Amino acid sequence: MIQLSRGLSVVLLSTALCAAPAFAARPSDAQIDRLMQSMNYERMKGEMLKQMRESAEMMAEAEAGDRLDDKQREALQRSLARQMNVVEQMLDWKAVAPIYRKVYGETFDAAEVQAIIDFYGSPAGRSIMEKMPQAMGRTMQEMQPLMKGMFERMQRELRDEVRDIVDGDDKTAPAPYAPPAPPSPPQPATGG
């Protein structure tokens, strides 16, 4: 009986160990760098900068209206160009690589990163990557009226609520919004 019990224990332990999930390997920094190359990070960055530049120009033009003469417009363009240069430097691969390596390394395992690299290396993957900036740009264009209406409504409602609070008409004004406190870092386990 003891022999049978030991044998059964060994079989159960072996089965449990085999069934235990294998720990997935973390992707290497070089693998994440290859992933960003396959996703054409530099092109994505260029498209993002272009969209940001266009949005900033539209906002500046809307704010200034017809009040600027040619010299002031040139000064505004130089100011926007300086700001965009700062953004471009911030998005330089050397500056953002540690962030991508951390986030992608904590989110995906090595096999998943390799699968993404393989996909973007395929004809279908390359085609999707070529079309993605266009799809994102068109999506943003299509959403602008929706977003504009939403922001206008929020601005109106906020203006009315502030007026009511200041005038004392709203006795049950909600407390001002406070962002949630950041989670405290995990405390090391203490032996005891």
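Each value, and the rule that gives it
- Residues numbered from 1 in each chain as written.
- Predicted model: local features only at pLDDT ≥ 70, side-chain atom pairs only at ≥ 80, totals over all residues.
- Heavy atoms only, no water.
- 1 Å grid on protein atoms, 1.4 Å probe; cavity = no way out; pocket = protein on both sides within 12 Å on 5 of 7 lines; lining within 4 Å.
- Points joined across faces, edges and corners; volume = space filled by probe spheres on them.
- Helix = DSSP H or I, 4+ residues; strand = E, 2+ residues; numbered from the N terminus.
- Nonpolar A, V, L, I, M, F, W, Y, C, P; charged D, E, K, R; others polar.

K.L.:
What's the story with the layout of surface pockets in this structure? I'm lost.
P.N.:
To find leftover empty space, a probe the size of one water molecule is rolled over the atoms. Reported here for the largest pocket is a volume of approximately 780 Å³. Lining the largest pocket we find 22 residues, and of these Gln 51, Ser 55, Met 58, Met 140 and Gln 144 sit closest to its centre. Contributions of two or more residues to the lining of the largest pocket are made by α3 (41-64) and α7 (123-167). Among the elements that take part in the lining of the largest pocket, α7 stands out by supplying 13 residues, more than any other. Residues belonging to the lining of the largest pocket are distributed by class as follows: 9 nonpolar, 7 polar and 6 charged. Within this model, the second largest pocket holds a volume of roughly 230 Å³. At the level of secondary structure, the elements contributing two or more residues to the lining of the second largest pocket comprise α3 and α7. It is α3 that provides the largest number of residues to the lining of the second largest pocket, a total of 6 residues. By residue class, the composition of the lining of the second largest pocket is 10 nonpolar, 1 polar and 2 charged.

Without other data, these values stay purely geometric and don't point to any function.
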